[in-house]
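Chains, contacts and geometry: an overview
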Amino acid sequence: MGAPTDDVIAFEGARIVYPGGAVAVEGLDLTVRRHELMVLVGPSGCGKSTTLRMVNRLVELTSGRVLVEGDDVARTDPVALRRRIGYVIQHVGLFPHRTVAQNVGTVPSLLGWSRERTRERTAELLDLVGLEPATYARRYPHQLSGGERQRVGVARALAADPPVLLMDEPFGAVDPIGRRRLQEEFWRIQRRVGTTVIFVTHDVDEAVKLGDRVVVMSKGGHVEQVADAVTLLARPAPGMVTDFIGAGRTARLLPITELAAEDLAEDLAADDGVAHDGAPVPAASRAGSAVGPAPAQPPLAPLALGDRLDAALAALVASGDGAVPVHDGAGRAVGTLTEAGLLRALRRAVAAASDD
Ligand SMILES: Nc1ncnc2c1ncn2[C@@H]1O[C@H](COP(=O)(O)OP(=O)(O)OP(=O)(O)O)[C@@H](O)[C@H]1O
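Below is a short write-up of the structure. (Residues numbered from 1 in each chain as written. Predicted model: local features only at pLDDT ≥ 70, side-chain atom pairs only at ≥ 80, totals over all residues. Heavy atoms only, no water.)

Attention shifts here to the site of the ligand. Within the structure, the ligand sits among Y18, A24, P43, S44, G45, C46, G47, K48, S49 and T50. For the ligand, an oxygen atom lies 2.8 Å from a polar atom in the backbone of G45. Within the side chain of K48, a nitrogen or oxygen atom sits 2.8 Å from an oxygen atom of the ligand. For the ligand, the protein covers 59% of the area, taking 640 Å² as the surface of the free molecule. Considering every element that reaches the shell around the ligand, the biggest residue donor is helix α1 (residues 48–55), with three residues. Residue composition of the shell around the ligand, by class: four nonpolar, five polar and one charged. (Near = heavy atom within 4 Å. Polar contact = N/O pair within 3.5 Å; in protein donor to acceptor, adjacent residues only side chain to side chain. Areas by Shrake-Rupley, 256 points an atom, 1.4 Å probe, with all protein chains shown as cover. Helix = DSSP H or I, 4+ residues; strand = E, 2+ residues; numbered from the N terminus. Nonpolar A, V, L, I, M, F, W, Y, C, P; charged D, E, K, R; others polar.)

Okay, here's the thing in structure tokens:
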């Protein structure tokens with residue numbers, strides 16, 4: 001291995017010309033930092049998958065270099081390289097005749113881990129992706145839903161604790177609700193495990209939700225902009241990026257911006273039927289947590305500091321009077337969110353991006 005560096009993956013003038021002459025990636029310079037979740041987003045055919053596949057040598061570079069942990073991949077045995085790099089694709093490609101546990105244990109077994117260690121690791125990974133080992137370990141892929149298969153794919157890719165994980169539209173074939181859940185769970189897993197990830201999608205919402213940094217690509221693997229999600233939405237580069245992100249970009253800030261104390265009205269006397277004297281707010285009345293048939297008069301939905309602005313907007317719309325009580329997460333009332341407060345929060349996000 002090369003010297004440790006904070007750049008786990010480096011593309012240096014990486015160029016791919018496919019047989020037949022198609023220039024898929026013209027010359028890419030990009031680095032991915034340790035523990036970073038970097039998302040590549042761009043229109044169909046711009047070279048995202050090709051970029052990913054250079055890293056594990058599923059395509060060979062025409063010129064330039066790709067370094068993984070300082071090692072030039074062209075000089076690394078492809079089989080050894082792929083054992084060090086997790087790879088998750090849209091149709092996850094589980095082995096159909098092997099159980100979930102055997103699928104997850106594939107790379108550990110290839111690496112010669114003992115049965116005991118492989119079994120422990122498999123159970124740990126299934127837990128991590130939210131699949132109860134006692135229920136799922138012995139099932140076969142055809143006995144799983146699409147979302148469960150993708151979870152097994154993620155568990156398999158993480159099994160040998162690879163420093164790098166490549167994900168190519170991993171949740172693309174999952175229905176929208178399952179997809180949102182997988183995104184949230186994967187995001188939490190990545191924070192916890194700290195694997196360096198390159199994640200390919202053509203979905204801007206997915207990109208800004210997941211990415212520490214988002215790379216917007218255009219045809220030929222051209223990097224049009226690299227930015228954190230808020231900066232990308234608040235200050236997209238003129239031209240291709242602005243067109244690609246689209247007119248809804250301000251609304252896209254809502255699910256990735258958190259409600260802060262400074263967004264709340266100082267006057268806490270809103271007539272909302274909820275005590276503002278520090279009394280705990282029942283968690284069951286939080287937005288989105290209602291179960292069963294909707295009551296005729298839905299309860300107000302108090303928000304917590306740190307809730308995302310899309311939930312805040314929904315609560316404001318539902319409130320009818322344009323004011324929603326907010327608690328501090330421990331149930332202590334801290335103020336009221338009004339429509340003006342929501343706008344303040346959005347402007348705060350845009351202003352923070354401008355400071356970068
Ligand atoms: N095996 C191949 N042989 C020849 N050309 C290819 C091959 N694979 C991809 N290409 C071409 O290279 C370009 C980049 O393809 P790539 O799959 O990397 O794009 P992408 O951004 O991932 O697209 P999508 O979002 O549609 O998956 C495209 O013009 C594509 O037609």
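When you line up the elements, E258 lands in the loop between α12 (249–253) and β11 (303–304). The partly exposed category is assigned to E258, whose relative accessible area is 42%. Each C-alpha atom, one on E258 and one on A349, is 9.0 Å from the other, the two residues being 91 residues apart in sequence. Not counting residues up to four positions away in its chain, the partners in contact with E258 are D263, G306, D307, R308, L309 and R348. (Buried < 20%, exposed > 50% of the residue type's maximum accessible area, 1.4 Å probe, protein only. Contact = heavy atoms within 4.5 Å.)

What the six strands build is an open sheet, ordered β6-β7-β8-β3-β9-β10; its pairing is mixed. Only two strands of the sheet have a single neighbouring strand rather than two, namely β6 (85–89) and β10 (222–227). Each strand axis lies, on average, 15° off the axis of its neighbour in the sheet, ignoring direction. Summarising the sheet, strand β3 (residues 37–41) and strand β8 (residues 196–201) pair through five bridges and their orientation is parallel. (Pairing = 2+ DSSP bridges. Axes fitted to C-alpha atoms, helices over the stretch in contact; angles between N-to-C directions.)

Tracing the backbone shows D263 in the loop between α12 and β11. Accessibility expressed as a relative area gives 1% for D263, which makes it buried. Looking at D263, its side chain comes within polar contact range of the side chain of R348, at 2.7 Å.

Time to look at the environment of G248. As for its placement among the helices and strands, G248 is situated in the loop between α11 (240–245) and α12. Residue class for G248 comes out partly exposed when judged on its relative accessible area of 34%. On a C-alpha basis, the gap between G248 and L233 in space is 9.2 Å, while along the polypeptide they are 15 residues apart.

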